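Remarks on the overall topology
Listed below, chain by chain, are the residues.
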Amino acid sequence: MNKFVGYRCSLCGEEYAPAEVTYTCPKDGGNLDVVLDYEAIKSKYKPEDILSRSDPSLWRFLPLLPVSEPEGSATPLHVAGATPVYKLTRLAEKLSLQNVWLKDESRNPTASFKDRASAIVVARAREIDAEVVVTASTGNAGAALAGMSAAVGQKAIIFAPKSAPPAKVAQLLVFGAKVILVDGTYDDAFDLTVKAADEFGWYCRNTGYNPFTAEGKKTAALEIWEWWEDTHEKWHEQIGTDVEHAPLTVFVSVGDGNIISGIHKGFKDLYELGWLSRIPRMIGVQAEGSAAISNAFHADTETITPVSATTIADSISVDLPRDGVRAVRAAKETGGTYVNVSDQEILNAIAELGTVGVFAEPAGATAYAGLVKAASTGLVGPDDPILVMNTGSGLKDVRAAMQAVQPAPVIEPTLEAVKRLL
Ligand SMILES: Cc1ncc(COP(=O)(O)O)c(C=O)c1O
Ligand SMILES: [Zn+2]
């Protein structure tokens, strides 16, 4: 079944066949949405076919993905997806909320959400026989590409700002990618990568540029759907089967805007297939110092004006978001909004999540910081069901983590010293 029929430009609506374009719309540079043949998918599959597959990886969603089943019975790509969801009962109580869950994307193979995108892009790269895959990255997308590439023996080149946290750079190097640190911002690295890919014929994975990244990221929406179908049913058994409630609200941290757009695309695919009756409300959370998408949302425009980004959350520090228009729409079309948080609020969120055993990097904790703000301003109601995405592990940026906590005391190795301390 050929379910991948082409692309549609998110700005001008022009449609392209799969072989006609590779990255963005040739007319206006708009992000391309992957177009699937929903009728063909519907005629061949039912939700049960996907939900009942025993494969825990994102490959169980192949019927909805624009790549073909990898050769053989087992894919050599490492398992991305199938991340756990925890109920945050104690933290919810503090916020006077009742139904807060967290989906922990730090549990992906290279410890961030980006594995979902890189798994699909690497599958695509194999399909089109790309010799080299290249990406610009603040660290996570690169680590994901490097890790997934290493798993299958694909050559990868990563351009990262030289300010990237050392743990992320270490991951890139250990996975054996060619790592090039750019004396500039992520945006500089992005532009350089596009030029280098053109010049040398490399396949470019850049976020908000390669249409397949959003298709990988949408697998989180498919998992949320899978989880919520089940959780919602059990929840209704407790609150009464006929009780009306707000839709599920999903909090996502936003830099380039590709994660929120990808998750939105997943929900839209399910809705088009008639497999999801109510699309969750999406709330994007940006750092105050890197809020170009939030600014556009609140100015009610799709014109994204670049900022000069500064935030401790390096993964979402972006001057010109590359998937801004679709990210604005993700909140707008789902009845959601954008919330901005300060670096101090992000650090507080790291510490709070730590108290329930979740270790998030700054960009990962940003979504929870957004929930704290939304709860205090009444953007979410006490009974609303809420899912917060933690998009990256705290181990990625230990320097930032240490700023969120008090330093540990150093003592002499004597019992006296312990007593004095206690
Ligand atoms: C941990 C983490 N959270 C959030 C984001 C934001 O994703 P996007 O840039 O697609 O908005 C990123 C992107 O690098 C990330 O690494
Ligand atoms: Zn266009």
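Placed above this text is the structure.
To keep things clear, this report deals only with the structure shown in the data block. Computed from a predicted structure; not experimentally measured.

Description of the nonpolar core
One finds Trp59, Ile224, Ile263 and Met389 to be the most contacted residues of the largest nonpolar core, which totals 94 residues. Take this core: its biggest share by element is nine residues, from helix H8 (residues 211-239). In contact with methionine 389, other than residues within four places in its own chain, are Lys103, Glu105, Phe113, Ala220, Ile224, Val250, Phe251, Val252, Ile263, Gly364 and Ala367. Listed in part, the 36 residues of the second largest apolar core include Leu102, Ala365, Leu371 and Ala375.

Re the side chain of aspartate 115
Inspection of the secondary structure assignment puts aspartate 115 in helix H4 (residues 115-127). No salt bridge is formed by the buried aspartate 115, whose closest oppositely charged neighbour, lysine 396, lies at an N-O distance of 6.9 Å. Sequence-distant contacts of aspartate 115, defined by excluding residues within four places in its chain, comprise Ala80, Asn108, Pro109, Thr110, Ala144 and Met148.

What about the sheet that holds strand S4 (residues 85-87)?
What the six strands build is an open sheet, ordered S4-S5-S13-S10-S11-S12; its pairing is mixed. Of all strands in the sheet, those bounded by a partner on one side alone are S4 and strand S12 (337-341). Between one strand axis and the next, the sheet turns through 25° on average, direction left out of account. Where strand S10 (residues 249-253) and strand S13 (residues 385-390) come together, three bridges link them in parallel fashion. Counted as the bridge partner of valine 250 is leucine 387 from S13.

Section: the coordination of the zinc ion (ligand 2)
Around the zinc ion (ligand 2), the donor atoms from the protein are Cys9 (SG), Cys12 (SG), Cys25 (SG), Asp28 (OD) and Asp28 (OD), and they sit 2.3 to 2.4 Å away. One chain supplies every donor to the zinc ion (ligand 2), and in sequence these donors are spaced C-x2-C-x12-C-x2-D. Residue cysteine 9 is found in strand S1 (residues 4-9), and its partner aspartate 28 is found in the loop between strand S2 (15-16) and strand S3 (32-36); the two are separated by 19 residues along the sequence. Relative accessible area serves as the criterion here: at 3%, cysteine 9 is assigned to the buried category. A relative accessible area of 34% places aspartate 28 in the partly exposed class.

Thoughts on the side chain of aspartate 33
Relative to the helices and strands, aspartate 33 resides in strand S3. Within polar-contact distance, the side chain of aspartate 33 engages the side chain of arginine 326 at 2.6 Å. If we ignore the near neighbours within four places in the chain, the residues touching aspartate 33 are Gly6, Tyr7, Arg8, Ser10 and Arg326.

A look at the pattern of salt bridges
Scanning the entire structure with this criterion turns up 27 salt bridges. Taking the shortest distance from any N to any O, the salt bridge between aspartate 33 and arginine 326 comes out at 2.6 Å. Pair noted here: aspartate 33 is in strand S3 and arginine 326 is in helix H11 (residues 324-332), with a separation of 293 residues, a long-range link. No difference in accessibility class separates aspartate 33 from arginine 326, as the two residues are buried. Among the ionic pairs, glutamate 345 bridges to lysine 373, the shortest N-O distance being 3.2 Å.

Points about unusual backbone geometry
One non-glycine residue, serine 96, lies in positive phi territory at about 55°. Structurally, serine 96 is set in the loop between helix H3 (89-94) and strand S5 (99-104). Take serine 96: its relative accessible area is 56%, and that puts it in the exposed class.

Here's the deal with the site of ligand 1
Lining the immediate surroundings of ligand 1 are 17 residues, of which Lys114, Gly255, Asp256, Gly257 and Thr391 lie closest. Within the backbone of asparagine 258, an N or O atom sits 2.9 Å from an oxygen atom of ligand 1. For ligand 1, whose free accessible area comes to 390 Å², the fraction covered by protein is 97%. The residue inventory of the shell around ligand 1, partitioned by class, reads four nonpolar, nine polar and four charged.

Remarks on the sheet that holds S1
In spatial order, the strands read S2-S1-S3; together these three strands make up an open sheet with antiparallel pairing. Because the sheet does not close on itself, it has two edges, and the strands there are S2 and S3. Sheet strands in contact with H8 are S1 and S3, and its direction is about 60° off that of S3.

Some details on the packing of aromatic side chains
The final tally for this structure, using the stated rule, is 14 aromatic pairs. Where tyrosine 23 meets tyrosine 203, the ring centres are 6.2 Å apart and the plane angle is 25°; that geometry is what we call stacked. Residue tyrosine 23 is located in the loop between S2 and S3, and its partner tyrosine 203 is located in strand S9 (residues 203-204); the two are separated by 180 residues in the primary sequence. Tyrosine 203 shares its class with tyrosine 23; the two are buried. Here arginine 116 stacks its cationic end above the ring of phenylalanine 113, 5.6 Å away from the centre of that ring. Between arginine 322 and the ring centre of phenylalanine 190, over which it is positioned, the NZ or CZ distance is 3.9 Å.

So, the packing of H4 against helix H5 (residues 140-152)
How two helices sit against one another is set out by the angle between their axes and by the gap between those axes. Relative to each other, H4 and H5 sit at 45°, their axes nearing to 8 Å. With respect to their mutual orientation, H4 and H5 come out oblique. Read as a crossing pair, H4 and H5 show a hand that is right-handed. Contact residues: H4 offers Asp115, Ser118, Ala119, Val122 and Arg126, while H5 offers Ala141, Ala144, Leu145, Met148, Ser149 and Val152.

What counts, and where the lines are drawn
Residues numbered from 1 in each chain as written. Chains lettered and ligands numbered in written order. Predicted model: local features only at pLDDT ≥ 70, side-chain atom pairs only at ≥ 80, totals over all residues. Heavy atoms only, no water. Core = buried A, V, L, I, M, F, W, Y, C linked by side-chain atoms within 4.5 Å. Buried < 20%, exposed > 50% of the residue type's maximum accessible area, 1.4 Å probe, protein only. Helix = DSSP H or I, 4+ residues; strand = E, 2+ residues; numbered from the N terminus. Contact = heavy atoms within 4.5 Å. Lys, Arg positive; Asp, Glu negative; His and termini not counted. Salt bridge = Lys/Arg side-chain N within 4 Å of Asp/Glu carboxyl O. Pairing = 2+ DSSP bridges. Axes fitted to C-alpha atoms, helices over the stretch in contact; angles between N-to-C directions. Donors = N, O, S within 2.8 Å, 3.2 Å for Na, K, Ca; no water. Polar contact = N/O pair within 3.5 Å; in protein donor to acceptor, adjacent residues only side chain to side chain. Near = heavy atom within 4 Å. Areas by Shrake-Rupley, 256 points an atom, 1.4 Å probe, with all protein chains shown as cover. Nonpolar A, V, L, I, M, F, W, Y, C, P; charged D, E, K, R; others polar. Phe/Tyr/Trp six-rings, centres within 6.5 Å; stacked < 30°, edge-to-face > 60°. Lys NZ or Arg CZ within 6 Å of the ring centre and 35° of its normal. Parallel < 35°, antiparallel > 145°, perpendicular 65-115°, else oblique. Left-handed = near helix turned anticlockwise from the far one by under 90°.

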